[in-house]
Every structure is written in structure tokens, then in C-alpha cells.
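Each chain is listed here by its residues.
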Amino acid sequence: MDNRRERELVLAPNEYAYVLDTTKGHINCYVGPNKTSLAQTDQPVVFNSGSKRFEPAVLEDAVRLFATAPANWYIALKNPARDRVHPNPGVASVAPELLVGLKHNVPGPAAFALWPGQMARVIEGHRLRADEYLYVRIYDAGAAAEAGWRALGLADDHAEQPPRFAVGQGYVIKGTDTRFYIPPTGVEVVPEDGGNFVRAAVRLERLEYCVLVGHDGQRRTIRGEAIVFPGPDERFVVREGRRKFEAIELSETTGLHVKVTAPYTEADGTARREGEELFITGSGVIYFPRDAHAIIRQGGRALHQAVAIPRGEGRYVLSRHTGEVALKRGPAMFLPDPRHEVIIRRVLDDRECALLFPGNPDARAFGRADGRRPAAEPKPGRKSRGEGGSGAPLAVVRPAFEGPRTITLDTRYAGAVRVDVRAGFAVQVVDQSGARRVEQGPTALLLGYDEMLQPLTLSTGTPKSDARRLETAYLQTTGNKVGDRLLLVTRDQVRAELTLAYRVDFDGPPERWFAVEDYVKLLCDHAGSMIKARARKLDVVALQGDLTPVVRDLILGPRGEGGERPGLGFSENGMRVYDVEVLALEIVDEAVRALLDEAQLDAMQQALAVGAREAEVARRQRLEDAERALDRALDETAALRAGIAAEQARRGHTEATAERERRLALARMEAEQDRLELEAELALRARRLAAEEAEDAARLESRRAKQALDLEALAARVEGAVRAAQAFDPHVVHAVNRLGDQQLAAALAENFGELAAVEGRGLLETARKFLDFVPASLMPQLREPG
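This is a predicted model, so every value here is computed, not measured.

Caption draft 1: How the structure looks around the overall build of the chain. Secondary structure assignment for the chain yields 11 helices and 50 strands. Here the chain holds 786 residues, and the buried ones make up 33% of them. Of the contacts made within the chain by residues no fewer than 6 positions apart, 62% connect residues no fewer than 24 positions apart. When the accessible area of the chain is evaluated, it comes to approximately 49,300 Å², of which 51% is carbon and sulfur surface.

See below:
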């Protein structure tokens, strides 16, 4: 009993189900109200619209509701029946022939069951406001043509000619033309990406604009006030979620960089070509983008702002065309033309920061950070028009009081490198090309982008040493004081430390001041070597007594007529020591220092004794020097005489050698002349012999030609005689032949005998060279004997 109930199909009104007859493959559509007991071969099924297949289902799941569309709704039915009929209520029906692949829009109110294989979607009718629109597409041109202008939401009398549709063609139905729309068969409404059918147009206020771009890339810019609907093949340009934008107000300190994307002509007749770049600026200029303009943004910003350059500061400006970096000095509000100029910043490393700004840790920290600073946080305030999307006023939180706008110019590190040179100092500026110049203080110096200060590395410490050097770019040219400590060794091997200070200034051409990188080492080494050399010539007593005069006379020179000392000058870099301060002399060895006072008396006595002995030695030395001078004079006289004799002998030998060489050269010349004459005579003889040989050959050739002619004539006479003799008696013929052979032999001997003798051959061989036939009867006569 329960099994029988499970096979009963009960359908209420507005319900239907599909049942498959597994024996025949037919699918029946049962429409309520209906009650049916299913056979064992009946299988409830449902239609899967995704896979387009019928799938088995339990009886409860196989029941479906009618496709129902109330008024102002419509049903998009796929695969309609050929005669547009629907299943009848209360009965089971077999599906008729379906128009598979076609769609049919059924406006409400309507409710019906679906045939097996049909699909339906119930859609609410589209209500439009004035600033809304629909995008529709033609999928059946014939069905849409039957609806006429109503397919586009227009009245039938919209135009005299009916519309011409094509499959896939799109149209925009504006809310200003139609407030309610249900598409007829052949037309479908295309939803947005979010699934909404109704789309919002753009409402533009004054000083606002929007940009539309077509599928072919054509741009169209529309200014407010207006409600903008896109074309079927157009879309709105969206930036940061916004479709409308405010016009750009320009001033003398702001500008726009645009590129011309299509040729056009300005109102004043100026022709613009494609690819040309423009920089638009000026006071009171309001810019609306043109269809032929593309704004070139910089760092995401379209508007270029001027840079404030205070007095005494500057900015580096790079030329895009030449690559040169110029220095723009303040005071100025500088607005670079981005087509030709760009502002650059110079980053200094630690060494350069320490060189230019000694004792300034902020400059070094800024250089290490590469000058990057966090971007300023945007201040709270009113959003720009169009960001809200609905046009309603936005809630703005305002402070209780807002003072006047105030800006802070912190250009210490953003602008050109500035160096302050104090009075009494100088710096040398060097650029990448090697050009140099010296700037003397007091002055405020702005360095070019490729300029840098020439560093000096100075020895430090007391005594001065190059183990730890001070690097600086500032040269003190006046009032410079250099202190040093020297270790002196006197003539009596007493070591003492001398502390002194040099007063230095620089004069002469400023270009020489920086020629020496470490002028302190140059000064201390040179002056110290002079003082140490003088100390070695003095004993400690003399050094202690006359230390200051000795050092000043040595370094500064003796006093002139005016009482002034010339000082110690250095031609290398124009440095001059104009004063020396002797501060202290200290004996290094304490024991020596203690015994020095006790030994002074003995030293004085010994000095007297030594002086007397030195006087005696000097007297004896002078006497010995006189005797040695006399001996040297005698030796020099003898050597001079010997030299003169040797020179005379050398001259005689040289003259004899020259005479022999002259005679030998003369003999060589005569032999060479004889050889040349002999060669000339031999050449003359050779030419004569060649001429004679040529003449003999020509004569022989002539005789050969003559003999050949004679032989040919003789052979012709013989041949004629032979033919004539053939007509006679054989005996007569034989006698005649005999006589002819004798005559021929005589002629051959006469004509070829001499030629055979010359060539050294027999007469027979010589004759055969010129005659094609020699009679056999002549062979015994012409054969040579032996």
C-alpha cells in the first residue's frame, strides 16, 4: 500500500512534472491539477539547464512551478514550441516540436508550464529615469523588425522608414526617450558586470566634463551642463572610480603637458600635427581636454606646479635635448617646460657631504637616505564633485577655526648645492671637463650639477704626520697658523725637541694655491729639514743661546734695508711663511740635561785648547797647501809639454794615414774606370756580333726562298717533259728521263749544295725538306759517297 502511494503523482494547480517512459524514451509533461499513478517503467526526471540533459529525480523533487510573470514583467523563453502553445492544465502531454536555439519574450501577465527542454527566466520590466539608460542587443533581426520602432522603445511613427536591424547590433535606450521598457522578441537587454540591467548616465555640472572611448579607439569629450549617454560602442573613461572630472584651472605657476593625438587647427589658424607636444599655462586659463589631446602625467599627477626658489638658492635643470644641466638661481617661481626641461637633484655621498659641509650630520644623513621623504598625508576636507556618485551633498567635518594658508619652504637639500665661503678662505671649483676656478670668501657659492670642490688632504698631529689626514675643501689664505714639533740632533749628538709655529699666507695667482694637495706636509718637511740641517752644525750650547735668531734668519731670511724679512716662499703653490714663532726647546735625555750645566765649563776650556790647536793646524795646513800647490804646478807644466808632443805625433800619424787613404782611393777609382771601359767595349762587341748574325740569317732566309722558287719551276718543267716524253718510244723516254734526272741532279747540286754544306747535311736530306717528291732514279746520284 505504501509502495503504491510512493508511485502516485499528485500535482496542484500551478505545478508540473516530467515523467520518462523507460520503454519508449518519451517524456510526458504532467500539468496540475492532476493525480496519476505511475507505472514501474515511468521515471520522474528534471531538466538540467546547465548540462542540457534530463536527470533522474525522486518524485517530490521532480515537481516544478509554472513560469509566472505578473504585469510589467516578462518571461525570456528559450526553445519555444513551433505553434507557440503551452502544456494544457490537468492533462499529460507529449512535447511538440520545439524551435531549439530560438528565444521568445512573453510579456506579463502570463503563467504556463514548460515543455521538456524549454528554459525560462522571469525579468522585471525596466523603469528608467532621465539619467538612466539600457543597452540592448539584437539577437533575431526578423522578429525585431516585426516590432519596428517599438523594439527600441520608440513610437511606431518615430520615423517614416522602419528600422533596419542586424544580429549582434547594439542600441542605447535613453531614459529621456522611454520611461518603461519591455523588450519584444528578437531583442535582449544586456546587464552590467554587476548584473544590473539599468545603467546610470553621467550628469555633468558646469566646469565638468567626461570622456567616452569607442571600440575603434575614438575619444569624445563632453562638457557640462549635460546628461551624457554613451553610444552603443562607447564606454566612459574611469579614473580612480570616477567617470566625470572637473576642468583644470591654470595659472602662471601651473601648467599642463599634453600630446596631440590627431591633427587639427586652432581657432586662431594654428595647425597642430599628430605627435606634437604642448605645454599649456597662463593666468585665468580653464582647460577642457580635447578629443585630439592626451594629458601626459608625471608621477600620477596631471598638473605641473612651479617650484619656489628663494634668494641665494637654485635648482638644477636638465635639458632633455642636449643633456646639459643648467643652474636656475632664485628668487623665482620656476615652472619648467616638461617638453624641454626637467628638475634634477644632486645626491652627495658621505665623503662629499663631509667635504662640503664639515660638522653637519644632517647633510650626511640626508645623503644616505637618498633624499627620500614620506609623502604628506592628505588633509581632511570636502570630496570633489562627482565622487559621491548620487550628486547629493557630502557630509564634511570642519574644524572650529581655520587660519590663513601657510606653507613652509624647506629647500636646504632639495635645491642646488650651496657652499658658504667665509672671509680669509678660498675654494677651488672643478667640473667634469677639467675646468677650474678659485672662489675667495666671503661669498655664497652655488655649485653646478657637474661641479665639485677640490679637496685638500692635510697632515695632522704634533709632530706632523700623514698617518691621519684631514680632508677639507677650504683653504685658509690669510692668518693661517701651522704648528709643528721637530726632533733635533746637535753637532755634539744631543737630542732636543723644538716646538714652533709658522705664520702662512697665500699670494700670487689663485690658480696655484691648490697645486699641492698637502701644503702642511710640504711646509713642515721643507722647513723642518732646513732647521735640522742647521742644528747638526751647532752644538747644544750654541743652539740654546741663539735658537730664535738662527731659526728666524734661516726660515725668514736676513733683514733687508727696511728691516723686513723676505720670508720663505714656495713657488709650487704660492705659499709664503711670513713669521715663525719659536715656542720651546727641550732636551730629550734627562741625564744629558742634568750634566749639560756641569759640562759647560769644561767644554769652554776644551774649546779654547782646541781652538789653539786648530790655529796651529791651520797654519801648518796653509804651509803644506802652498808646497802642494807648487808641486802641482810643476806636474801640470810637465804634463802640458808631454801633451803637446803627443798631439804633434798624433797629427803626423793622422796626416800619413790620410795620404795612404787618398792614394788607395785614387787607385780604386782608376780600376773602376778600367772596368767600366771594358764592360762598354764588350757590350759594343756583343751588339755588333748580334747585328752580323741577324744579317746572315736574313741573307740565308732570302736564298732559301729563292732556291724554293727555282726548284718549283724546275719541278714543273720536269713534269711537263715527263708528260711529253710519255708520248714517245720507251727507249726514247728512258733516254730522255735519264737526261732529265741528270739535269735535275745538277740543278739540285747547284741550288742545295751550298745550303747542305752550311747545315752539315746531305744533299738528299736538304732537298727533301723543300720538295715533296724526288724521283727514285736520282737516289744513287744524290746519295753521298761512303
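Following the structure, the description resumes.
Caption draft 2: Just the pairing of strand β21 (residues 208–214), in detail. Of all seven residues in β21, seven are buried, a share of seventy percent or more. The alternating pattern of β21 places E208, C210, L212 and G214 on one face and Y209, V211 and V213 on the opposite face, and all of these are buried. Strand direction decides the pairing type here: β21 and strand β25 (residues 244–246), joined by three bridges, are antiparallel. Bridging across to β25, Y209 finds its partner in F245. Taken together, the five bridges between β21 and strand β22 (residues 219–223) define a ladder with antiparallel strand orientation. When the sheet's bridge partners are listed, Y209 is paired in β22 with R223. Between the end of β21 and the start of β22, which pair antiparallel, lie four residues, with G217 showing a positive phi angle near 85°.

Caption draft 3: Representation of the sheet that holds strand β36 (residues 325–329) in the model. Here we have three strands laid out as an open sheet, ordered β36-β35-β38, and antiparallel in their pairing. Since the sheet does not close on itself, it has two edges, and those belong to β36 and β38 (341–344), each with one partner. Strand-to-strand twist of the sheet, defined as the mean angle between neighbouring strand axes without regard to direction, takes the value 40°. Pairing of strand β35 (residues 314–319) with β38 involves four bridges; the strand directions are antiparallel. Note on β38: the bridge partner recorded for L318 is V342.

Caption draft 4: The sheet that holds strand β11 (residues 103–107), seen in detail. Spatial ordering of the open sheet is given by β11-β9-β13, a layout of three strands whose pairing is antiparallel. The strands lining the two open edges of the sheet, one partner per strand, are β11 and β13 (119–124). Here the strands of the sheet are splayed against their neighbours by 20° on average, with no regard to which way each runs.

Caption draft 5: Spotlight on unusual backbone geometry. Along the chain, G32 connects to P33 via a cis peptide bond; the corresponding omega equals 0°. Looking at where P33 falls in the secondary structure, it is placed in the loop between β3 (27–31) and β4 (34–37). The peptide bond linking G441 to P442 adopts the cis configuration, its omega dihedral lying at 5°. Here P442 is to be found in the loop between β41 (436–440) and β42 (443–446). A positive phi angle, near 60°, is found at N79, a position not held by glycine. Tracing the sequence through the fold places N79 in the loop between β9 (73–78) and β10 (92–94). Its identity as a non-glycine residue notwithstanding, R84 has a phi of 60°, on the positive side. For R84, the position within the fold is in the loop between β9 and β10.

Rules used in this analysis
- Residues numbered from 1 in each chain as written.
- Predicted model: local features only at pLDDT ≥ 70, side-chain atom pairs only at ≥ 80, totals over all residues.
- Heavy atoms only, no water.
- Helix = DSSP H or I, 4+ residues; strand = E, 2+ residues; numbered from the N terminus.
- Buried < 20%, exposed > 50% of the residue type's maximum accessible area, 1.4 Å probe, protein only.
- Contact = heavy atoms within 4.5 Å.
- Areas by Shrake-Rupley, 256 points an atom, 1.4 Å probe, with all protein chains shown as cover.
- Pairing = 2+ DSSP bridges.
- Axes fitted to C-alpha atoms, helices over the stretch in contact; angles between N-to-C directions.

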